[in-house]
Amino acid sequence: MSHVREGDTVIVYAIDRLGRNTIDVLETVDALKAKGVAVLSLREGFDKPRFSE
């Protein structure tokens, strides 16, 4: 995740690809959000915009 920059979007097939457990996934999504990066999961239809609360 060190290569992402503000304004990027990380696209994954499934949200569980972002971590080994729920806490890892949540921490990863929070870290990406803090960098201004959006997260999109294709399988779950999960779309976490960059700047939402």
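Scroll up a little and you will see the structure.
Attention in this report is confined to the structure presented alongside it. (Residues numbered from 1 in each chain as written. Predicted model: local features only at pLDDT ≥ 70, side-chain atom pairs only at ≥ 80, totals over all residues. Heavy atoms only, no water.)

### Things to note about the nonpolar core
Stage number 1. By size, the foremost hydrophobic cluster in this structure holds ten residues: Val-4, Val-10, Val-12, Ile-15, Leu-18, Val-25, Val-29, Leu-32, Val-37 and Val-39.
Stage number 2. Taken together, the elements giving at least two residues each to this core come down to strand S1 (9-12) and helix H1 (22-34).
Stage number 3. Here this core gets three residues from one element, more than from any other, and that element is H1.
Stage number 4. The residues contacting Val-25, other than those within four sequence positions of it, are Ile-15, Asp-16, Leu-18 and Gly-19. (Core = buried A, V, L, I, M, F, W, Y, C linked by side-chain atoms within 4.5 Å. Buried < 20%, exposed > 50% of the residue type's maximum accessible area, 1.4 Å probe, protein only. Helix = DSSP H or I, 4+ residues; strand = E, 2+ residues; numbered from the N terminus. Contact = heavy atoms within 4.5 Å.)

### Regarding the environment of Ser-2
Stage number 1. As for its placement among the helices and strands, Ser-2 is situated in the segment before S1.
Stage number 2. The class of Ser-2 is exposed, set by a relative accessible area of 63%.
Stage number 3. With 30 residues separating them along the chain, Ser-2 and Leu-32 place their C-alpha atoms 9.8 Å apart.

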